Amino acid sequence: QVQLVESGGGLVQHGGSLRLSCAASSGIAITHDMYWHRQAPGKQRELVAFITRAGTTNYADSVKGRFTISRDNAKNTVYLQMNSLKPEDTAVYYCRAVGASGLSSWGQGTQVTVSS
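Quick caveat: nothing in here was measured; it's all calculated off a predicted structure.

**Q** Got a minute to help me understand the overall build of the protein in this structure?
**A** The helix and strand tally for the protein stands at zero helices and eleven strands. Overall, the protein shows an N-to-C arrangement of helices and strands of β-β-β-β-β-β-β-β-β-β-β. Computed over its C-alpha atoms, the radius of gyration of the protein comes to 13 Å, within 12% of the 13 Å expected for a compact globule of 116 residues. If you line up the protein on its principal axes, its C-alpha atoms span 40 × 25 × 25 Å. Residues classed as buried in the protein amount to 46% of the 116 residues present. Each charge sign in the protein was given a centre, from 11 positive and 7 negative side chains, and these centres are 2 Å apart.

This is the structure we're talking about:
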């Protein structure tokens, strides 16, 4: 399993932007699909976006057109660029790596708070 460390969260105003990073402890370039999830207080964890080993991306309807997931395989890092943030985007954001075996590794999460 890979170790994942998220960073880049913080407090931002409605309409602002943040870029989250997820750094992996080992190579993920050709072995792992990468996901961003989030969990708001009192709610279930939900999938926000994913990017496959081949570079295919997909997004939750709630973030389409505002968030962009990308990966830098040379740096073993995945990013989530979040624009036009809304208060309802407030949550802890988690990175997940899924290997070819189907095993998942999770990061510890990073808090994103959007003020109204």
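What follows continues from the structure just given.
**Q** Help me out: how do you make sense of the pattern of salt bridges in this one?
**A** When their charged atoms lie close together, side chains carrying opposite charge are able to pair. One pass over the structure, following the stated rule, counts five salt bridges. As a salt-bridge pair, Arg 38 and Glu 46 come within 2.6 Å of each other at their nearest N and O atoms. Residues Arg 38 and Asp 89 are paired through a salt bridge, measuring 2.9 Å at the closest nitrogen-oxygen approach. Of the two residues, Arg 38 sits in strand 4 (residues 32–39) while Asp 89 sits in the loop between strand 8 (77–82) and strand 9 (91–99), which places them 51 residues apart along the sequence. Accessibility classification places Arg 38 together with Asp 89 in one group, the buried group. If you follow the salt bridges from partner to partner, you end up with Arg 38, Glu 46, Arg 66 and Asp 89 in one network.

**Q** Help me out: how do you make sense of the state of the cysteines in this one?
**A** Defined simply, a disulfide is a covalent bond joining two cysteines at their sulfur atoms. Using the criterion set out here, one finds one disulfide in the structure. For Cys 22, the disulfide goes to Cys 95, at an S-S distance of 2.0 Å. In this structure, the disulfide formed by Cys 22 and Cys 95 twists by about -80° around the S-S bond and is classed as left-handed. With Cys 22 in strand 3 (residues 18–24) and Cys 95 in strand 9, the pair connects residues that are 73 residues apart, well separated along the chain. Across the pair, exposure class does not vary: Cys 22 and Cys 95 are buried alike.

**Q** Just checking my understanding: could you explain unusual backbone geometry for this structure?
**A** Backbone phi values are negative for most residues with the exception of glycine, while trans is the configuration of most peptide bonds. Positive phi, close to 55°, is recorded for Asn 76, a residue that is not glycine. Its place among the elements puts Asn 76 in the loop between strand 7 (67–72) and strand 8. For Asn 76, a relative accessible area of 19% gives the class buried. Phi angles above zero are rare outside glycine, and Ser 84 is one such case at about 50°. If you trace the backbone, Ser 84 turns up in the loop between strand 8 and strand 9.

**Q** Is there a simple way to think about the environment of His 32 in this case?
**A** Turning to its location among the elements, His 32 is positioned in strand 4. Accessibility expressed as a relative area gives 13% for His 32, which makes it buried. Through-space distance from the C-alpha of His 32 to that of Leu 4 is 12 Å; in sequence the pair is 28 residues apart. At 2.6 Å, the side chain of His 32 forms a polar contact with the side chain of Thr 31.

Criteria and thresholds
Residues numbered from 1 in each chain as written. Predicted model: local features only at pLDDT ≥ 70, side-chain atom pairs only at ≥ 80, totals over all residues. Heavy atoms only, no water. Helix = DSSP H or I, 4+ residues; strand = E, 2+ residues; numbered from the N terminus. Rg over C-alpha atoms; globule rule 2.2 N^0.38 Å. Buried < 20%, exposed > 50% of the residue type's maximum accessible area, 1.4 Å probe, protein only. Lys, Arg positive; Asp, Glu negative; His and termini not counted. Charge placed at Lys NZ, Arg CZ, Asp CG, Glu CD. Salt bridge = Lys/Arg side-chain N within 4 Å of Asp/Glu carboxyl O. Disulfide = S-S within 2.5 Å. Polar contact = N/O pair within 3.5 Å; in protein donor to acceptor, adjacent residues only side chain to side chain.

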